[in-house]
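Spelled out from the first residue to the last, the chains are:
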Amino acid sequence: MMWRSIAGFSKSVAARAHGSRRCFSTAIPGPCIVHKRGADILHDPWFNKDTGFPLTERDRLGLRGLLPPRVISFEQQYDRFIESFRSLERNTQGQPENVVSLAKWRILNRLHDRNETLYYRVLMDNIKDFAPIIYTPTVGLVCQNYSGLYRRPRGMYFSAKDKGEMMSMIYNWPAQQVDMIVITDGSRILGLGDLGVQGIGIPIGKLDMYVSAAGINPQRVLPIMLDVGTNNEKLLQNPLYLGLRQPRLEGEEYLEIIDEFMEAAFTRWPKAVVQFEDFQAKWAFETLERYRKKFCMFNDDVQGTAGVALAGLLGTVRAQGRPLSDFVNQKIVVVGAGSAGLGVTKMAVQAVARMAGISEIDATKNFYLIDKDGLVTTERTKIDPAALAFAKNPAEIREGATIVEVVKKVKPHVLLGLSGVGGIFGEDVLKAMRESDSCKPAIFAMSNPTLNAECTAADAFKHAGGNIVFASGSPFENIELDNGKVGHVNQANNMYLFPGIGLGTLLAGARIVTDGMLQAAAECLASYMTDEEVQKGILYPSINNIRHITTEVGAAVLRAAVSDDIAEGHGDVGPKDLSLMSKEDTVNYITRNMWFPIYSPLVHEK
Ligand SMILES: NC(=O)c1ccc[n+]([C@@H]2O[C@H](COP(=O)([O-])OP(=O)(O)OC[C@H]3O[C@@H](n4cnc5c(N)ncnc54)[C@H](O)[C@@H]3O)[C@@H](O)[C@H]2O)c1
Ligand SMILES: O=C(O)C[C@H](O)C(=O)O
Ligand SMILES: [Mg+2]
């Protein structure tokens with residue numbers, strides 16, 4: 001298959017761009033076993049080919065007469081879908097943005113529900129246009145409106161009412177094998193707060209990225225909603241709300257539910273990888289500590305985000321034209337001390353300690369952590385133990401200092417937001433960044449979705465100046481600067497790492513996800529961009545190359561699992577085989593194991 005040829009690509013821009021080229025291969029794919037016949041196949045999006053079933057297959061599978069006589073090729077079906085999408089775009093011009101976004105989501109979701117092969121093909125080939133719909137930011141809007149948008153189930157729902165039943169319930173899932181699970185309890189959906197059961201949209205969107213970026217087989221992914229209630233009064237009052245109408249479980253009661261789910265999932269699928277997503281900070285940290293040595297799991301908001309941010313921070317050092325070793329001298333203000341902000345600060349501090357050969361305590365010197373009560377200092381009375389390590393001496397700057405006060409005093413190289421609060425990098429804060437000690441100050445407004453970003457790209461370039469490096473969690477368009485140059489907008493989103501972390505972990509057959517594997521992922525992303533790109537302020541690859549970067553990250557993660565001695569192998573490939581693979585062999589192995597959407601001949605088996 002031509003697509004497969006991206007395996008051996010070098011890092012040249014041309015080669016990377018090739019990864020997104022549309023091609024309809026003529027190679028014959030392997031067969032796919034199906035246990036259904038007739039109309040049941042047409043109603044199963046895993047196997048359905050709509051009008052694309054060849055006549056012989058229609059005969060073999062009892063489909064004759066159930067479809068219009070003409071066979072339409074995959075390519076024609078693809079073109080037809082794209083044409084209806086473009087016509088929807090034309091017809092909704094001038095309508096409010098939310099209305100248009102939801103209309104686009106609906107048309108994609110209908111295809112997802114009907115024909116997954118075609119869905120993933122259009123998603124992969126148009127990832128730049130479609131990721132903002134099925135993923136951030138539109139997925140946030142979908143979650144907010146989920147109870148009204150709900151038509152068909154996707155994934156599994158385990159609620160507090162299922163206590164004691166989960167071990168048998170898990171066998172209700174129709175697939176024999178599950179590789180990737182993304183689970184949420186809906187308690188902190190993007191920057192939108194507690195959305196209860198409606199948060200299921202997040203695992204669905206993340207797993208769509210797993211299929212498109214990491215080539216995980218869509219028949220082997222499982223979105224999970226753990227419904228332990230909600231504290232969102234509006235949802236509790238909504239008669240159409242689809243979740244449990246009770247306040248969230250807390251303490252031991254909560255942990256018992258999640259323990260039971262983890263036992264059930266790993267009993268049925270011992271080799272699965274579980275990604276925790278959008279849990280409120282206290283549970284994000286607690287579950288990570290509780291499970292990370294016991295199960296093959298990671299928390300994307302804490303660990304994936306940290307790696308993506310670290311790669312960006314290292315990129316900003318290169319963008320300043322300075323050697324990477326200068327990272328240890330960068331002054332970094334992190335606004336938001338929750339699951340993401342603390343995860344980022346911790347990983348960046350560890351990197352400084354490693355690079356400078358100093359203790360982690362000494363490495364915190366250049367980091368400033370701000371939460372909703374302002375600068376965190378040792379004077380803080382009720383302090384989160386995880387934030388304590390980064391608390392400043394109030395003699396340096398007062399306890400509770402505002403963002404603008406801290407920026408004016410510190411003149412940081414980087415101002416990084418993970419607060420979930422839209423617009424808190426106001427004009428005063430951004431203007432203060434003009435006095436930064438860096439020749440290319442960096443502003444990372446990483447909160448999602450778009451309205452929750454700490455500032456817009458336009459405001460950042462307008463107030464902080466054209467020489468900044470800018471990144472945001474949700475996509476913004478590049479900015480045309482007054483001097484005719486382009487202000488590049490990077491998307492600092494954990495989507496650049498989690499698919500590769502999951503893929504590398506899976507194909508290594510790693511027992512757990514180690515810090516070494518996460519560090520390897522971050523380093524791989526950090527070294528992906530060329531000096532020329534970084535000099536222009538481009539810190540992350542284009543999303544069009546997400547399959548390529550994911551392959552590379554996956555290989556780095558797998559190799560780290562081997563060197564950490566926790567790789568047990570996958571399928572026929574044992575730990576010894578993995579340890580004998582060169583870097584190139586590893587990339588080829590990863591690529592060979594990535595699913596690609598193409599119609600396979602269906603073979604019926606009782
Ligand atoms: N770009 C990415 O890849 C990425 C990854 C993870 C999280 N995020 C985003 O980061 C945001 C935060 O996520 P989280 O899991 O850390 O949430 P969280 O609720 O755990 O933490 C939020 C933090 O922000 C602080 N905060 C609130 N209001 C503030 C204010 N006015 N000024 C300063 N600090 C304030 C809180 O005190 C808390 O420490 C969300 O919007 C989420 O979407 C982005
Ligand atoms: O979901 C995203 O786009 C990134 C991140 O996981 C978040 O919670 O905001
Ligand atoms: Mg998240």
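Residues numbered from 1 in each chain as written. Chains lettered and ligands numbered in written order. Predicted model: local features only at pLDDT ≥ 70, side-chain atom pairs only at ≥ 80, totals over all residues. Heavy atoms only, no water.

Q: It is not clear to me how the sheet that holds strand β9 (residues 374–375) should be interpreted in this structure. Could you clarify?
A: Strands in a sheet are paired, the pairing made by backbone hydrogen bonds, and the direction either parallel or antiparallel. Spatially, the 7 strands line up as an open sheet ordered β9-β8-β7-β10-β11-β12-β15, and their pairing is mixed. On the outer flanks of this sheet lie β9 and β15 (489–491), each paired with one strand and no other. Examined bridge by bridge, strand β7 (residues 332–335) and strand β8 (residues 367–371) share 4 bridges and lie parallel to one another. When the sheet's bridge partners are listed, I332 is paired in β8 with F367. Packing against the sheet, helix α19 (residues 403–410) makes contact with β7, β8, β9 and β10 (414–417), and its axis sits at approximately 170° to β8. (Pairing = 2+ DSSP bridges. Helix = DSSP H or I, 4+ residues; strand = E, 2+ residues; numbered from the N terminus. Contact = heavy atoms within 4.5 Å. Axes fitted to C-alpha atoms, helices over the stretch in contact; angles between N-to-C directions.)

Q: Quick question: what am I supposed to make of the site of ligand 1 here?
A: With respect to spatial proximity, 26 residues lie near ligand 1, and among them R188, A337, S339, A492 and N494 are the closest. One of the backbone nitrogen or oxygen atoms of S419 is found 3.4 Å away from an oxygen atom of ligand 1. Out of a free accessible area of 860 Å², ligand 1 has 84% covered by protein chains. Elements with a contribution of two residues or more to the shell around ligand 1: α15 (300–319) and α16 (339–356). Residue composition of the shell around ligand 1, by class: 10 nonpolar, 12 polar and 4 charged. Counting contributing residues per domain, the shell around ligand 1 is built from domain 2 (151–295) and domain 3 (303–493), each supplying no fewer than three. (Near = heavy atom within 4 Å. Polar contact = N/O pair within 3.5 Å; in protein donor to acceptor, adjacent residues only side chain to side chain. Areas by Shrake-Rupley, 256 points an atom, 1.4 Å probe, with all protein chains shown as cover. Nonpolar A, V, L, I, M, F, W, Y, C, P; charged D, E, K, R; others polar. Domains from an automatic or database assignment.)

Q: I keep staring at the coordination of the magnesium ion (ligand 3) and nothing clicks. Help me out?
A: Under ideal tetrahedral coordination, the four donors around a metal are separated by 109.5 degrees; under ideal octahedral coordination, the six donors are separated by 90 or 180 degrees. Surrounding the magnesium ion (ligand 3) are the protein donor atoms E277 (OE), D278 (OD) and D301 (OD), at 2.0 to 2.1 Å. Each donor residue of the magnesium ion (ligand 3) belongs to the same chain, with the gaps between them written as E-D-x22-D. Of this pair, E277 sits in the loop between β5 (273–276) and α14 (281–291) while D301 sits in helix α15, and the two are 24 residues apart along the sequence. (Donors = N, O, S within 2.8 Å, 3.2 Å for Na, K, Ca; no water.)

Q: For this particular structure, what's the right way to read the site of ligand 2?
A: As a structural note, the neighbourhood of ligand 2 is formed by Y135, T136, R188, L190, K206, E277, D278, D300, D301, N448, N493 and N494. Residue K206 places a side-chain N or O atom 3.0 Å away from an oxygen atom belonging to ligand 2. One of the side-chain N or O atoms of D278 is found 3.0 Å from an oxygen atom in ligand 2. Burial of ligand 2 by the protein amounts to 92% of the accessible area it has alone, namely 260 Å².

Q: Please explain the domain arrangement of the chain as it appears in this structure.
A: How big an interface is tends to be reported as the loss of accessible area on association of its parts. Here the chain is described as being made up of domain 1 (32–132), domain 2 (151–295), domain 3 (303–493) and domain 4 (497–592). Relative to domain 4, the C-alpha centre of domain 3 lies at a distance of 27 Å. At the interface, 24 residues of domain 3 touch 18 residues of domain 4. Overall, the association of domain 3 and domain 4 removes approximately 1700 Å² of surface from exposure, summing both partners, and the carbon and sulfur fraction of that is 58%. Broken down residue by residue, the surface that domain 3 buries against domain 4 is led by R318, H488 and N490, which jointly contribute 31%. Our count for the contact surface shared by domain 3 and domain 4 stands at 1 salt bridge. The partner of R318 in a salt bridge is D531, and the shortest N-O contact between them spans 2.9 Å. Summed over the shared surface of domain 3 and domain 4, the number is 11 residue pairs in polar contact (both at pLDDT 80 or more). Taken together, the elements giving at least two residues each to the side of domain 3 that touches domain 4 come down to α15, α16, β12 (469–472) and β15. (Buried area = accessible area lost by both parts, 1.4 Å probe. Salt bridge = Lys/Arg side-chain N within 4 Å of Asp/Glu carboxyl O.)

Q: In this structure, what is going on with α14? I would like to understand it.
A: Because the α-helix completes a turn every 3.6 residues, residues three or four places apart line up on one side. The set of residues buried in α14 consists of W283, A284, T287, L288 and Y291. Here the buried residues of α14 occupy an arc of 130° about the axis, which is enough to place them on one side. Residues of α14 that are buried sit in contact with α13 (251–268), β5, β6 (297–299), α15 and α16. (Buried < 20%, exposed > 50% of the residue type's maximum accessible area, 1.4 Å probe, protein only. Arc of directions from axis to C-beta.)

Q: Sorry if this is basic, but what is going on with the nonpolar core here?
A: Across soluble globular proteins, nonpolar side chains show a tendency to be buried alongside one another. If you look at the biggest cluster of nonpolar residues, it comprises 169 residues, and the most contacted ones within it are I181, F261, F327, L416, F444 and Y540. Considering each element in turn, this core owes the most residues, 10 residues, to α15. Contacts of F261, omitting those with residues within four sequence positions, involve F158, M166, I170, I181, I183, I224 and L226. Counting 31 residues, the second-largest nonpolar core is a separate cluster that includes V333, I370, A453 and A460. (Core = buried A, V, L, I, M, F, W, Y, C linked by side-chain atoms within 4.5 Å.)

Q: Before we go on, may I ask you to explain the UniProt feature "binding site: (S)-malate" (unreviewed entry) in the chain in this structure?
A: UniProt's entry tags R188, N448 and N493 with the feature "binding site: (S)-malate" (unreviewed entry), counted in the numbering of this structure. With respect to the element layout, R188 can be found in the loop between β3 (180–184) and α11 (201–214). Given a relative accessible area of 22%, R188 falls into the partly exposed group. A polar atom in the side chain of R188 sits 3.1 Å from the side chain of D278. Tracing the backbone shows N448 in the loop between β11 (442–445) and α21 (457–464). When neighbours within four sequence positions are excluded, N448 is seen to be in contact with T136, L190, G191, G473, S474 and N493. (UniProt positions renumbered as here; feature names shortened; annotations may be inferred.)

Q: I'm lost on the packing of aromatic side chains in this one. Help?
A: Counted under the stated rule, the structure contains 17 aromatic pairs. Residues Y120 and W595 carry aromatic rings whose centres are separated by 6.1 Å and whose planes lie at 90° to one another, so their mutual orientation is edge-to-face. Linking Y120 in helix α6 (residues 116–125) with W595 in the loop between α27 (583–592) and β16 (602–604), this pair joins segments that are 475 residues apart in sequence. Like W595, Y120 is buried. With a centroid separation of 6.1 Å and 55° between ring planes, the pair formed by F461 and F470 is classed as tilted. In this structure, F461 and F470 share a single accessibility class: buried. Taken together, the ring pairs connect F266, F276, F279, Y291 and F295 into an aromatic cluster. Taking NZ or CZ as reference, K392 lies 4.4 Å from the ring centre of Y368, over its face. (Phe/Tyr/Trp six-rings, centres within 6.5 Å; stacked < 30°, edge-to-face > 60°. Lys NZ or Arg CZ within 6 Å of the ring centre and 35° of its normal.)

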